Amino acid sequence: MKKNAPPVIDTVDFCKAMADNTRQAILRLLHVRGEVTVGEIVAAFKLSQPTISHHLAILRRYGLVKTEQRGKEVYYSMDQGNVSECCGMLLSKFSVVLNKDIEVKKR
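Residues numbered from 1 in each chain as written. Predicted model: local features only at pLDDT ≥ 70, side-chain atom pairs only at ≥ 80, totals over all residues. Heavy atoms only, no water.

Caption draft 1: Quick look at the packing of aromatic side chains. Scanning the entire structure with this criterion turns up 0 aromatic pairs. When the ring centre of Tyr75 is taken as reference, the NZ or CZ atom of Arg70 above it lies at 4.2 Å. (Phe/Tyr/Trp six-rings, centres within 6.5 Å; stacked < 30°, edge-to-face > 60°. Lys NZ or Arg CZ within 6 Å of the ring centre and 35° of its normal.)

Caption draft 2: Looking closely at the environment of Val36. Relative to the helices and strands, Val36 resides in strand β1 (residues 36-37). With relative accessibility at 0%, the residue Val36 sits in the buried group. The sequence separation of Val36 and Tyr76 amounts to 40 residues, and the corresponding C-alpha distance is 5.3 Å. Dropping the residues within four chain positions of it, Val36 is found in contact with Leu29, Leu30, Ile41, Val74, Tyr75 and Tyr76. (Helix = DSSP H or I, 4+ residues; strand = E, 2+ residues; numbered from the N terminus. Buried < 20%, exposed > 50% of the residue type's maximum accessible area, 1.4 Å probe, protein only. Contact = heavy atoms within 4.5 Å.)

Caption draft 3: Highlighting the confidence of the model for the protein chain. Per-residue pLDDT for the protein chain averages 80, and the proportion of residues at 70 or more is 71%. In the model of the protein chain, helix α5 (residues 80-101) stands out as the element of lowest mean pLDDT, 65, in contrast to β1, which has the highest, 94. (pLDDT = per-residue confidence, 0-100.)

Caption draft 4: Representation of the packing of helix α2 (residues 21-33) against helix α4 (residues 49-61) in the model. The interhelical angle for the contact between α2 and α4, taken along N-to-C directions, is 75°, at an axis separation of 10 Å. Judged by the inter-axis angle, α2 sits roughly perpendicular to α4. Contacts from Thr22, Arg23, Ile26 and Leu27 in α2 reach Ile52, His55, Leu56, Ile58 and Leu59 in α4. (Axes fitted to C-alpha atoms, helices over the stretch in contact; angles between N-to-C directions. Parallel < 35°, antiparallel > 145°, perpendicular 65-115°, else oblique.)

Below, the structure written as structure tokens:
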């Protein structure tokens, strides 16, 4: 078994994690800049370190970000594979629901 493997996230938990604008913005920042320290994220958002840490903990809990310790600093990066997988699961779930529960009327 892979050590430190992220938990399997269901679509509801993914939506909860992504429902916050700050968490969405953090993921955008990580997508653009790659690896970033907490201090750099705090500076980019002008929010307190505890607030940023709270949001990062939620993203980390659902495996949407990865961490790497380098000396005293912890670097965060987006886990592109997990984010893509979660988006795919969400789209797939809607596809199944739409195909199963809704009849599309032809014009």
